[in-house]
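Here is how the chains run, residue by residue.
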Amino acid sequence: MITNRLNIGYDLDAWNTVKMRIPVTVDVSLSTNSHILLSGLSGSGKSYHLNQIFAKLAKQGGEFYFADYKGDDSFAHLRGLPHYYSYKETLTALDVVYSRLNDRLSGEDTSRKQITLIYDEYMANILALMNEDKKKAVEVMNKIAEILLMGRSMGVRLVASMQRPDAVAFSHGSRLNFGIICVLGGANRSIYEMLCPDFIEQIDTENRRFGRGEGVVVLQGSRLKFVKVAVPQDYKKLQRLCIKALS
Ligand SMILES: Nc1ncnc2c1ncn2[C@@H]1O[C@H](COP(=O)(O)OP(=O)(O)OP(=O)(O)O)[C@@H](O)[C@H]1O
Ligand SMILES: [Mg+2]
């Protein structure tokens, strides 16, 4: 059955205490802000989680573009596919999705079928651009901001992963426009201060420790969940779903 809900992990406390898998699901329909921000230190499990999120969204249909700045082995199964763009080519993926957004804004394209741009290591990409070509970096950040600010009702969605989501890479305060925020692993307090300042006490950073693939999810800035990202039952099937979505 195809639904508009995305399983973003399992309830962490139920998993750890009674070994129960209780899915934490989020609404990703057109009417809801389903831009997703994934954050966490290196090795916290972002790319691993991104593969799972991608497969689950792919199951719901739509068009996908994958920008993989680092191009490490996490997404090796996607290399060479038509909608997969690595390292310097990531900007092409952004340009394609940005122009599709503009076609919809101008009325030239009246379809609202979901178009999703998945961007791994967005911040590292911006940092590199800042050193190489500042003007280009600003242009990229502005395009990302437009997608975040106007994409939802046009059916254009961003799923971005990065270690530190500093505000500087999100022009015009557009970082606030991620409806689904996930911080994995033992993150620095400053990351929670950036992304979910209202929930610091609830997260209880003094006493709670998150391991790899564990962390917090904040939904529409108003709901906090503790989640565990499980090892998928069939990793090959997951990869096949992602490959099909980019082919
Ligand atoms: N939930 C999980 N369960 C089991 N293994 C995991 C989980 N998440 C990640 N791993 C493993 O941990 C390692 C690091 O994960 P991953 O590459 O996703 O981290 P990352 O946050 O993307 O790191 P980087 O920022 O350096 O790219 C990988 O080898 C992956 O297979
Ligand atoms: Mg990674």
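Residues numbered from 1 in each chain as written. Chains lettered and ligands numbered in written order. Predicted model: local features only at pLDDT ≥ 70, side-chain atom pairs only at ≥ 80, totals over all residues.

Examining the pairing of strand β8 (residues 180-184)
We count it as follows: Between the buried cut of 20 or more and the exposed cut of 12 or fewer other C-beta atoms within 10 Å of a residue's own C-beta lies the partly exposed class, and all C-beta atoms are placed from the backbone. Put simply, DSSP marks the helices as runs of H or I at least four residues long and the strands as runs of E at least two long, and each gets a number from the N terminus on. Two strands pair if DSSP finds at least two bridges between them.
Most of β8 is tucked away, with five of its five residues classed as buried. Residues I180, C182 and L184 of β8 are buried on one face, and the alternating residues I181 and V183, pointing to the opposite face, are buried as well. Sheet topology note: the strand β3 (residues 36-40)/β8 ladder contains five bridges and is parallel. Bridging from a neighbouring strand, S39 pairs with V183 of β8. Both β8 and strand β9 (residues 214-219) contribute to a ladder of five bridges, which runs antiparallel. When the bridges of β9 are listed, I180 appears paired with L219.

Quick word on the pairing of β9
Within β9, five of the six residues are buried, which leaves it mostly tucked inside the rest of the structure. Strand direction decides the pairing type here: β9 and strand β10 (residues 223-228), joined by six bridges, are antiparallel. By the bridge assignment, V217 is partnered in β10 with K225. The antiparallel pairing of β9 with β10 creates a hairpin that spans three residues between the two strands, and Q220 there sits at a positive phi of about 50°.

Considering the site of ligand 1
Heads up, the condition is: All residues are tested the same way: a C-beta atom is placed from the backbone, and lying within 6 Å of a molecule or strand makes the residue near it. Lys, Arg, Asp and Glu make up the charged group, whereas Ala, Val, Leu, Ile, Met, Phe, Trp, Tyr, Cys and Pro make up the nonpolar group; the residues left over, Gly among them, are polar.
Around ligand 1, 14 residues are found, and the nearest of them are S42, G45, S47, Y48 and G213. Of the residues forming the shell around ligand 1, the biggest block, three residues, is contributed by helix α2 (residues 46-59). Taken together, the residues that form the shell around ligand 1 break down as three nonpolar, nine polar and two charged.

So, the nonpolar core
Selection criterion: For this analysis, nonpolar core means a set of buried Ala, Val, Leu, Ile, Met, Phe, Trp, Tyr and Cys residues linked through C-beta atoms within 7 Å. Contact between residues is assigned whenever the C-beta positions, reconstructed from backbone atoms, fall within 7 Å.
In this structure, F66, A67, V97 and L117 are the most contacted members of the largest nonpolar core, which totals 70 residues. If we skip the residues at most four places from it in the chain, F66 touches L78, H83, Y84, Y85, A93, I118 and L246.

Let's talk about the packing of helix α3 (residues 90-105) against helix α5 (residues 134-154)
Formally: Interaxial angle, 0 to 180 degrees, is taken between N-to-C directions of lines fitted to C-alpha atoms, where a helix line uses only the stretch in contact. Here roughly perpendicular refers to angles of 65 to 115 degrees, roughly parallel to angles under 35, roughly antiparallel to angles over 145, and oblique to all remaining angles. By convention the crossing between two helices is left-handed if the near helix lies anticlockwise of the far one by an angle smaller than a right angle, and right-handed if it lies clockwise.
Packing of α3 against α5 brings their axes to within 10 Å, and their N-to-C directions diverge by 45°. Comparing the axis directions of α3 and α5 gives the class oblique. As α3 runs across α5, the sense of the crossing is left-handed. Together, L91, L94, V97, Y98, L101, R104 and L105 of α3 and V140, K143, E146, I147, M150, G151 and M154 of α5 make up the contact between the two elements. Tallied by class, residues from the contact of α3 with α5 come to ten nonpolar, one polar and three charged.

Concerning the packing of helix α4 (residues 122-132) against α5
The geometry of α4 relative to α5 is characterised by a closest axis approach of 6 Å and an angle of 145° between their N-to-C directions. Residue-level contacts link I126, L129 and M130 of α4 to K134, K136, A137, V140 and M141 of α5. Counted by class, the contact of α4 with α5 contains six nonpolar, no polar and two charged residues.

Regarding unusual backbone geometry
Peptide bonds are trans in most cases, and residues, glycine excluded, mostly fall at negative phi. In this model, E121 sits at a positive phi of 60°, which is unusual for a non-glycine residue. Position of E121 among the secondary structure elements: in the loop between β6 (115-120) and α4. At D204, a position not held by glycine, the phi torsion is positive, near 55°. Looking at the element boundaries, D204 is found in the loop between α7 (200-203) and β9.

So, α2
Let me state the cut-off plainly: Take the residue count of a helix, subtract one, and multiply by 1.5 Å to get its expected span.
Here α2 spans 20 Å end to end across 14 residues, near enough to the 20 Å set by a 1.5 Å rise per residue. Summarising burial for α2: ten of the 14 residues are buried, a large majority. The set of residues buried in α2 consists of K46, H49, L50, N51, Q52, I53, F54, A55, L57 and A58. Of the residues flanking the end of α2, it is G61, one or two places downstream, whose phi is positive at about 90°.

A short note on α3
Put simply, the test is: Working note: the arc is built from the helix axis to C-beta atom directions.
Between its first and last C-alpha, α3 extends 23 Å over 16 residues, near the 22 Å set by a 1.5 Å rise per residue. When α3 is considered as a whole, its buried residues turn out to be T90, A93, L94, V97, Y98, R100, L101 and R104. Summarising the axial view, the buried residues of α3 lie within an arc of 155°, below the 170-degree limit, and thus occupy one face. What points out from α3, more than 90 degrees from its buried face, is the exposed set T92 and S99. Packed against the buried residues of α3 are β4 (63-68), β5 (84-86), β6, α4, α5 and β7 (156-162). Count one or two residues on from α3 and you reach G107, which has phi positive near 90°.

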